[in-house]
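# Survey of secondary and tertiary structure
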Amino acid sequence: MRVYATRGARAWLEVERSETAPGAPGDRVVEARRAASRVEAVVEVAAPATLVVREGWAPGWRATVDGRPAGVARTPGGHMSLPVPGGRSRVALRFQRSVG
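Owing to the predicted nature of the structure, the values given are computational and were not obtained by experimental measurement.

### Some points on the overall build of the protein chain
For the protein chain, the helix and strand inventory stands at zero helices and nine strands. Seen in sequence order, the protein chain has helices and strands lined up from the N terminus as β-β-β-β-β-β-β-β-β. Out of the 100 residues in the protein chain, the part that is buried amounts to 34%. Taking as baseline every contact in the protein chain between residues at least 6 positions apart, the subset at least 24 positions apart corresponds to 57%. Approximately 6,600 Å² of the protein chain is accessible, and the part contributed by carbon and sulfur atoms is 52%.

Rendered as structure tokens:
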């Protein structure tokens, strides 16, 4: 068995805003759950922000924020991100493998 130390490890879910990355005081992930092909979270942010999900991006990921469809973008590191509005939001991501 080998154990590696990582430097600069980032959280699995993280709120970011361009002017204050990785987020502002009070911006937080309140709840988070993940299972096969599924991620759910509740986030609280002071102003519109981006939720970064450090799971591998693939074309089959779909997201909703408070029940409304939200775009899932690929980050430069190959993870996922999506916009969240100011306030408290419920985020759900599901992976649907395309058939064909």
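Additional details are given in the paragraphs that follow.
### Some details on the environment of Thr 64
Structurally, Thr 64 can be placed in strand β5 (residues 61-65). On the basis of relative accessible area, Thr 64 is assigned to the partly exposed category, the value being 28%. It is 5.8 Å that separates the C-alpha atoms of Thr 64 and Val 91, two residues lying 27 residues apart in sequence. Apart from residues lying up to four places away in sequence, Thr 64 is in contact with Pro 69, Ala 70, Arg 90, Val 91 and Ala 92.

### Thoughts on the packing of aromatic side chains
Considering all chains together, one arrives at one aromatic pair under this definition. The side chain of Arg 34 reaches across the aromatic face of Trp 12, ending 4.3 Å from its centre.

### As for the pairing of β5
Burial along β5 is one-sided: the face carrying Trp 61, Ala 63 and Val 65 is buried and the face carrying Arg 62 and Thr 64 is not. Note: β5 against strand β9 (residues 87-95), five bridges, orientation antiparallel. Note that in β9 the partner of Ala 63 across the bridge is Leu 93. Pairing geometry for β5 and strand β6 (residues 68-70), over three bridges, is antiparallel. The residue of β6 that forms the bridge with Val 65 is Arg 68. Joining the antiparallel neighbours β5 and β6 is a turn of two residues, in which Asp 66 adopts a positive phi near 55°.

Cut-offs used in this document
- Numbers given for residues are sequential positions, taken from 1 along each chain in its written order.
- Totals for whole chains, interfaces and linings use all residues, but because this is a predicted model, local features are given only for residues with pLDDT of at least 70 and pairs of side-chain atoms are given and counted only at 80 or more.
- Calculation of side-chain values draws on the structure's entire complement of heavy atoms; hydrogens and water are dropped beforehand.
- Segments assigned H or I by DSSP are reported as helices when at least four residues long, segments assigned E as strands when at least two residues long, and all are numbered from the N terminus.
- The classification of residues rests on relative accessible area computed with a 1.4 Å probe and restricted to protein chains. Under 20% of the type maximum is buried, over 50% is exposed, and intermediate values are partly exposed.
- In what follows, a contact means two residues having at least one pair of non-hydrogen atoms within 4.5 Å.
- Exposure was quantified through the Shrake-Rupley algorithm and a 1.4 Å probe, taking into account, for residues, occlusion by the shown protein chains and nothing else.
- Stacked, tilted and edge-to-face pairs are distinguished by plane angle, under 30 degrees for stacked and over 60 for edge-to-face with tilted covering the rest, among Phe, Tyr and Trp rings (Trp via its six-membered ring) whose centres lie within 6.5 Å.
- Here, a charge over a ring is recorded when the distance from Lys NZ or Arg CZ to the ring centre is within 6 Å and its angle to the ring normal is within 35 degrees.
- Between any two strands, pairing holds if DSSP finds at least two bridges.

As far as function goes, none of this settles anything; it's purely spatial.
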